[in-house]
Amino acid sequence: AKTSPEADRVRAEAELAEKKNIDRMVALTDAMAPETAAPIIRQMADGGRMDTAARVLAQMKDRQAARVLGELNDAALA
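No experiment lies behind these values; they were computed from the predicted model shown.

Enquirer: Just give me the short version of the nonpolar core, but keep the residues and values in it.
Expert: In terms of nonpolar packing, the biggest core is built from 15 residues, with Val 26, Ile 41, Met 44, Val 56, Leu 57, Met 60 and Val 68 touching the most fellow members. The set of elements that each furnish at least two residues to this core consists of helix H1 (5-31), helix H2 (34-46), helix H3 (50-59) and helix H4 (62-72). Counting residues per element, this core draws most heavily on H2, which supplies 5 residues. Apart from the residues lying within four places of it in its own chain, the contact partners of Leu 57 are Ile 41, Ala 65, Val 68 and Leu 69.

Enquirer: Run through the side chain of Asp 30, naming residues and quoting values.
Expert: Here Asp 30 shows up in helix H1. In this structure Asp 30 is buried but unpaired, with Lys 61 as the nearest side chain of opposite charge at 4.7 Å. Those residues in contact with Asp 30 that sit more than four places away from it in its chain are Met 60, Lys 61 and Gln 64.

Enquirer: Please provide a residue-by-residue account of H3, values included.
Expert: Because the α-helix completes a turn every 3.6 residues, residues three or four places apart line up on one side. Buried within H3 we find Thr 52, Ala 53, Val 56 and Leu 57. Each buried residue of H3 sits inside an arc of 130 degrees when the element is viewed along its axis, so together they form one side.

What counts, and where the lines are drawn
- Residues numbered from 1 in each chain as written.
- Predicted model: local features only at pLDDT ≥ 70, side-chain atom pairs only at ≥ 80, totals over all residues.
- Heavy atoms only, no water.
- Core = buried A, V, L, I, M, F, W, Y, C linked by side-chain atoms within 4.5 Å.
- Buried < 20%, exposed > 50% of the residue type's maximum accessible area, 1.4 Å probe, protein only.
- Helix = DSSP H or I, 4+ residues; strand = E, 2+ residues; numbered from the N terminus.
- Contact = heavy atoms within 4.5 Å.
- Lys, Arg positive; Asp, Glu negative; His and termini not counted.
- Salt bridge = Lys/Arg side-chain N within 4 Å of Asp/Glu carboxyl O.
- Arc of directions from axis to C-beta.

What follows is the structure, encoded as structure tokens:
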């Protein structure tokens with residue numbers, strides 16, 4: 001089904017806003033101690049935002065993401 005230009009514009013703006021929010025979350029979690037960042041990632045995952053948690057972890061620096069995953073103490077979640 002074809003969407004209106006207005007609907008396409010709104011969707012594009014929403015996607016851009018979400019990307020900016022995730023970029024900001026990545027920057028913050030990269031700068032945090034892993035034991036501080038891990039509960040935030042867990043809260044996202046437990047709150048039904050597993051896709052957001054995964055996107056944040058995927059965009060983090062590899063070493064920091066590994067440390068955060070190590071702090072989760074939950075093999076299934078990691």
